[in-house]
Structure formats: structure tokens, C-alpha cells
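# Structural description and commentary
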Amino acid sequence: MTVMTERTSHMLVEEFEEIAAAAPETVTLEFINGRIEEKRVPDGDHDEIVGWLQRRCMQQRPDLWLHAVQRGLKVEAYRKGRARPDGVLAPEGRFAGDGEWSDPDGVLMTVEVTSHDRDTEARDRIEKPAAYATAGIPVYLLVDRDACALIVHTTPDPKSGCYLDIHRAPFGEQVVLPEPVGITLDTDVLKNYVH
């Protein structure tokens, strides 16, 4: 299977969805900023971080669920995009009855954990925050393993496609994820997952 990596304005989102549905289980595809991107299979440290975050969310906000099974989101306003965050925090039952791709309505936070690949800079630090802000998702949490920091993006401005407030906290600090999330994270354990 050939994966298109160059930007194309001729591909329809429906065409992307057909390609993504036909991709083997070992390949995860996203359609961000007019390009099809292959998302790298997570390593064990990546999975441990997501699991750690799931536990924290369940302990402090049992009314919410951090979906960490690559829940597909329609980030329509951002060039008819389709994203698969590493985590999607939403009220329990929010995605019941949805297909592979869900509208972002009701999503309180998206989470990305950086991977050790060449696309992390563009994908996780530039394109994804713009897509999530444009979709109006209140909080974007980036667990940046390269910088050993949590970067909390809040106050999305859908018109400008960016988050107006960005807080950077080195691993080891206590971080409060603002409302509507309302979860406090002690990030010292994350130092164990940077290799």
C-alpha cells in the first residue's frame, strides 16, 4: 500500500476514510492538514504514560473516561481532518453508537504523547494543537518526552486555530488541568518513561 505523504487538496475525506478502513491493523492513519500521516505504533513507555493518565483520570473524575484506544475524531473545521489522539477525555457513554470517527462535541481534552520519530515536531506540536483548538476542544495535553515536560494548552480560539494559553511544566512538578477537566497530576513518575 502506498501512503500519500504530500499535501493534496484533491483528496476527499471520504476517500481517506476508505483508505484508513482498508489499512492493516499494524498501520494507523490520520488525515491532518490535507495530508495522510502514518502514526507510529507506540512503544512500552508510551503505553505506560497513557495508562498512568487513565488511572489518574478515573481516580479523580470517575464521571469521565479517558479513551485510549485511538478514538477517531472528526476535526472538520481543520481542512476536513481526521485525528486519532493517544487519549480522548469525555463523559462516560459519550461515544456510544458512534462509528470509527466521532464529532468532537463533548470532548473535554485530547492527549498526545510524543513518539521518537521525525514527524513529532510537526504533528504533535503544531498540527494537532491547531486541529484540536479549531474543533473547540477545551484542553490539549501534550506529554513531551523529548522536552521531559507536560504542555497544557487551554482556551481554544476556533477562529485563529490556536490555544491562547499554554503552560509548560517539567516532569516532577504538580500540574493542575483546568476546568472542565479539573484533574491534578503529580508528574514525577513520568521521569521513568523517558528513554
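Preceding block: the structure.
So, here is what we can say about the structure in this document. These numbers come from a predicted model, not from an experiment.

This part covers the pairing of strand 6 (residues 87–91). Burial of strand 6 is extensive: four of the five residues sit out of reach of the surface. Strand direction decides the pairing type here: strand 3 (residues 64–67) and strand 6, joined by four bridges, are antiparallel. Directly across from His 67, in strand 6, lies its bridge partner Val 88. Two elements, strand 6 and strand 8 (residues 109–113), share three bridges in a ladder whose sense is antiparallel. Paired with Leu 89 across the two strands is Met 109, which belongs to strand 8.

As a further point, take the pattern of salt bridges. Counted according to the given criterion, the structure contains seven salt bridges. Its salt-bridge partner being Arg 125, residue Asp 146 comes within 3.1 Å of it at the nearest N-O pair. Of this pair, Asp 146 sits in the loop between strand 9 (139–144) and strand 10 (149–157) while Arg 125 is found in helix 3 (residues 120–134), placing the two residues 21 residues apart along the sequence. On the basis of relative accessibility, which here comes to 46%, the residue Asp 146 falls in the partly exposed class. When salt bridges that share partners are traced, they join Arg 125, Asp 144 and Asp 146 into one network.

Procedures and definitions
- Residues numbered from 1 in each chain as written.
- Predicted model: local features only at pLDDT ≥ 70, side-chain atom pairs only at ≥ 80, totals over all residues.
- Heavy atoms only, no water.
- Buried < 20%, exposed > 50% of the residue type's maximum accessible area, 1.4 Å probe, protein only.
- Helix = DSSP H or I, 4+ residues; strand = E, 2+ residues; numbered from the N terminus.
- Pairing = 2+ DSSP bridges.
- Salt bridge = Lys/Arg side-chain N within 4 Å of Asp/Glu carboxyl O.

By themselves, these observations are geometric and do not establish any function.
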